Every structure is written in structure tokens, then in C-alpha cells.
Amino acid sequence: MDLHPQSGKMTRTKTRFMFGLIFAYVAISYMTGHLTPRPTLMRSLKNGNQETQLSSEWRSFLTHLETIRALLRFDEFTDAHLKNEDDEARRLESEVRVLCWIMTSPKNLDSRATAVRRTWARRCNKLLFISSVTNETFPTIGIELPEGRDHLTGKTIKAFKYIYEHHIDDADWFMKADDDTYVILENLRYFLSGQNSNEPIFFGHHFKTIVKQGYFSGGAGYVLSKEALRRFGAKGNDETICRQDGGAEDAEFGKCMETLGVKVGNSTDKLGRNRFHCFDPDTHLMGGYPDWYYQYDANGAKKGRDSISDYTISFHYVTPEKMNALEFYIYHLRPYGLKSGKQELNQDWGS
């Protein structure tokens, strides 16, 4: 017989209350990034020489938290404040479909890849992260190759092959970018709106060496038409046409495109200014280029505001901190009383 029924009830109430507090603390801490390690690293916990396996229920719980956390971070930057100012951008989003695939690695998921996902890449019509290891939580698509610069060509070849086999109908244009590339999708779509995705062509920051027609910087990103991807999908696995691994990724892929009859396209604007950039904004504004760049750049290695298109598409070597800053400057900072309007900067190649 329980001589103190109220005492037992209070104990159970306190227990539930404490459990609720602990659950809330864990959930909030995890979603805000203050609880480590992440679930992908918590398949097991090591304590001295003993390894304690996490229960399937706990792994499931952490996976759900990770999903919620990703969604919260995904929406941290929003364009809701633009209200009715984005009608043209929304129209182009539906008319010019762009698949973006990001070359990343397991060590960069929590930093670079997360910054890409939270900022510019959420404006892609379809977004894929390609890594050496599949991560179902982030998620990434694993390519069975070791990490390292020696395998960037293989990673690119396998990524485009995967996209051809699984996603060719999901977009009209297919953009490759690194996890330290920043892309302004609205400007990319505007430029591509004047191009034909049924033509065998691709665009990027043009280098004039190594390949007869030149090739595009891998870091600045390059975008293939649907026809270019079709040609690659049909013959890109032939090592006599496209090198399957090794060498410089962007140059080797440029050779592959040339052999397949895919043309290098001109992406400069009507005033002759670059839209794709292989360095960060400060370098293109102020200069200080490495010596090799003066031999490689097809547009004269210019610097300053007059060399950078108002409708710039990309920059490279952008840290996660600078990526967040660019997101703010481009989409949030506004001078009161000024409206930028629209410029027609696409070149009329038919004239």
C-alpha cells in the first residue's frame, strides 16, 4: 500500500518535466548548431577503448533534428521583402530552368557546402551536391573516387554522366560550380534567356590557352546547354574522346567538349564586360592577378568596375563569410528612393 500517493505523483510529474526540458534543450541546441557532433558523425560514440553503438531510435531522432535544422537554415535568407519586385525573376525561373551541381567534399559540408545551400543555390531549379561519399542527411551524391585535385576530372565526368542519366529532363541548362563559387541565378537566367539550349554550346569564364577554342575556368563555374549534355551523355564515357580522370579538370573537360563539337560561347555583355569571374570580387575590382592569368584570360585580364558586368553571374574563391555578405549586399541592401530598373545587356548576335 502506497502511504504517500501524492509524493509518487509529484515525482512522476517532475520526471516528465525534467525530460521535457532536456529534450527541448537538445533540440534547440542542435538546430542552432551548438550541439555537436552532427548525426552523420554520430553513428558511434567512443569512450576510451569501448565503442557504444547508437540505437536506431536515437539515430532516427537525430536525423529528424538535422532535417529540421537544415530547413531552418535554408530559409534564413529570404527574398520576401522584395514583394512584387521579383515578377521578372520569377518568370525567368519558370522559363529558363537551371540545374546546379556543386562539387564538394566531406570535410567541406559543414562550412562551404552549407553556405552555398543557405544562400545562392536555393534559387536553382534543381540542386545536387557531388562528393566522394554519399551523405543521405545533407544530402550528397557519392562518386566512387578519392578526394584530391588529381581526381577532379573524374569527379566532373562522373557527375555529368549521373546528371545525364537521371536529370536531363529536369532542366534546360546544367551549371557546374565549386563549393566556394557564388552565383547570381537571376543574372544567369537573364543571360541564358537569349541563348538556345538546343544548340551544342557552353559558357563560363573564358581561358584562351591549352584548348584550340579555349575552355572555361572550373572555379568560376560553367553552364552546359541540354544539347551539350546530350552529346556528352552519348559519348563522354569513351576515353578516346574524353579523359576520364587526371589532368586539370577544367582544361580536360574543355577538350572533351571541343571533341564532341560543343562550342565555347561568349558571355560578355553588350559593353564587353565579363559576367563569369574566376576570382573574388575584390580581386576583379582592385587587380593583383597572378602572372599566369594574363596569359590565360581571353578578355584581356582587365580590372575595375568597367570590366565587371552589372549583371555579373559568378565569382570564385568566396569564403562562407563572404558568401553571406554577398547575399546581404545583393538581395537586401537598398538605397532609399532609388530604383535600379532593368538594362538590356545581352548581346544581339543576330545583328
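Bear in mind the structure is a predicted one, so any value in this text is a computation, not a measurement.

Novice: Please clarify how the overall build of the protein should be interpreted in this entry.
Specialist: On a plain count of helices and strands, the protein comes out with eleven helices and 13 strands. Expressed as a percentage of the 351 residues in the protein, the buried residues total 47%. For the protein, the exposed surface amounts to about 19,100 Å²; the carbon and sulfur share of it is 53%.

Novice: Where do I start with the sheet that holds strand S11 (residues 222-225) in this structure?
Specialist: Hydrogen bonds between backbone atoms are what pair the strands of a sheet, whose relative direction is either parallel or antiparallel. Taking strand neighbours across the sheet as the criterion, the seven strands line up as S5-S4-S3-S6-S11-S8-S12 in an open arrangement whose pairing is mixed. This sheet does not close on itself; its edge strands, each paired only once, are strand S5 (141-142) and strand S12 (263-264). Pairing between strand S3 (residues 98-103) and strand S6 (residues 173-178): six bridges, direction parallel. Looking at the pairing, Leu99 lines up with Phe174 of S6. Relative to S3, helix H6 (residues 185-192) is tilted by about 130°, and along the sheet it contacts S3, S6, strand S8 (201-204) and S11.

Novice: Quick question: what am I supposed to make of helix H8 (residues 249-259) here?
Specialist: Note on helix geometry: an α-helix contains 3.6 residues per turn, so any two residues three or four positions apart are oriented the same way. Counted residue by residue, H8 has eight buried out of eleven residues, so it is predominantly covered. Every buried residue of H8 is accounted for by Glu249, Asp250, Ala251, Glu252, Phe253, Gly254, Cys256 and Met257. Close packing links the buried residues of H8 with helix H5 (152-167), S6, S8, strand S10 (215-216), S11 and helix H7 (226-235). Within two residues after H8, Gly261 carries a phi angle of roughly 80°, on the positive side.

Novice: I keep staring at the pairing of S8 and nothing clicks. Help me out?
Specialist: Each regular strand displays side chains that alternate between the two surfaces of the sheet. Both faces of S8 are covered, namely the face carrying Ile201 and Phe203 and the face carrying Phe202 and Gly204. Relative to S12, S8 runs parallel, the two sharing two bridges. Bridge pairing in S12 places Ile201 opposite Lys263. Sheet topology places S8 next to S11; three bridges connect them, and they run antiparallel. Across the sheet, Phe203 pairs through a bridge with Val223, a residue of S11.

Novice: Any chance you could explain the side chain of Lys176 here in plain terms?
Specialist: Along the chain, Lys176 turns up in strand S6. A relative accessible area of 0% places Lys176 in the buried class. Here the side chain of Lys176 touches Asp178 through a polar contact of 2.8 Å, side chain to side chain. Excluding residues that lie within four positions of it along the chain, Lys176 makes contacts with Trp101, Met103, Phe160, Gly218, Gly221, Tyr222 and Glu249.

Novice: Help me understand a nonpolar patch on the surface, please; the structure alone is not making it clear to me.
Specialist: A contiguous nonpolar surface patch, about 320 Å² in accessible area, is contributed by Phe328, Tyr329 and Leu333. Inspection of the secondary structure puts Tyr329 in helix H11 (residues 320-331).

Novice: Explanation requested: the pattern of salt bridges in the structure shown.
Specialist: Any two side chains of opposite charge can pair if their charged atoms end up close together. Under the counting rule described, the total for this entry stands at 19 salt bridges. For the salt bridge of Glu186 with Arg123, the shortest nitrogen-to-oxygen distance reads 3.7 Å. One end of the pair, Glu186, is in helix H6; the other, Arg123, is in the loop between helix H4 (109-118) and strand S4 (126-131), and 63 residues separate them in sequence. Each of Arg122, Arg123, Glu186 and Glu327 takes part in salt bridges that share partners, so that together they form one network.

Novice: Can you walk me through the packing of H4 against H11 in this structure?
Specialist: Each pair of packed helices gets described by two things: the angle between the helix axes and the distance between those axes. For the pair H4 and H11, interaxial distance at closest approach is 9 Å and the crossing angle is 10°. For the element pair H4 / H11, the angle class is roughly parallel. For the pair H4 and H11, contact is made by Ser111, Arg112, Ala115, Val116 and Arg118 and by Pro320, Met323 and Asn324, respectively. In the contact of H4 with H11, the residues fall into four nonpolar, two polar and two charged.

Novice: How do you make sense of the confidence of the model for the protein when you look at a structure like this?
Specialist: Predicted coordinates in regions of low pLDDT should not be interpreted in detail. The predicted model of the protein averages 84 in pLDDT, with 75% of residues at 70 or higher. Contacts of residues 67-75 to residues separated by more than four positions or lying in other chains number 14 contacts, the stretch itself having pLDDT below 50.

Novice: In this structure, what is going on with the nonpolar core? I would like to understand it.
Specialist: Considering soluble globular proteins, one finds that nonpolar side chains tend to be buried as a cluster. Ranked by size, the top nonpolar core spans 48 residues in total, and within it Val98, Trp120, Leu188 and Leu192 carry the most contacts. Those elements that place two or more of their residues in this core are S3, H4, S6, strand S7 (182-183), H6, S8 and H11. In terms of residue count, the dominant contributor to this core is H6 (five residues). Residues within four places of Trp120 in sequence aside, it is in contact with Cys100, Ile102, Ala177, Thr181, Tyr182, Val183, Leu185, Met323 and Glu327. Leu128, Leu152, Ala159 and Ile168 belong to the second-largest nonpolar core, a separate cluster that totals 30 residues.

Novice: Sorry if this is basic, but what is going on with the environment of Phe276 here?
Specialist: In this fold, Phe276 is placed in the loop between S12 and helix H9 (281-286). Sequence separation between Phe276 and Phe216 is 60 residues, and the spatial gap between their C-alpha atoms is 9.4 Å. In this structure, Phe276 is in contact with Met175, Leu188, Phe203, Gly204, His205, Ala220, Gly221, Val223, Ser267, Ile313 and Ser314, ignoring residues within four places of it in sequence.

Here is what the cut-offs are and how they apply
Residues numbered from 1 in each chain as written. Predicted model: local features only at pLDDT ≥ 70, side-chain atom pairs only at ≥ 80, totals over all residues. Heavy atoms only, no water. Helix = DSSP H or I, 4+ residues; strand = E, 2+ residues; numbered from the N terminus. Buried < 20%, exposed > 50% of the residue type's maximum accessible area, 1.4 Å probe, protein only. Areas by Shrake-Rupley, 256 points an atom, 1.4 Å probe, with all protein chains shown as cover. Pairing = 2+ DSSP bridges. Contact = heavy atoms within 4.5 Å. Axes fitted to C-alpha atoms, helices over the stretch in contact; angles between N-to-C directions. Polar contact = N/O pair within 3.5 Å; in protein donor to acceptor, adjacent residues only side chain to side chain. Patch = residues over 30% accessible without salt bridge, like charges linked within 9 Å, V, L, I, M, F, W, Y side chains within 5 Å. Salt bridge = Lys/Arg side-chain N within 4 Å of Asp/Glu carboxyl O. Parallel < 35°, antiparallel > 145°, perpendicular 65-115°, else oblique. Nonpolar A, V, L, I, M, F, W, Y, C, P; charged D, E, K, R; others polar. pLDDT = per-residue confidence, 0-100. Core = buried A, V, L, I, M, F, W, Y, C linked by side-chain atoms within 4.5 Å.

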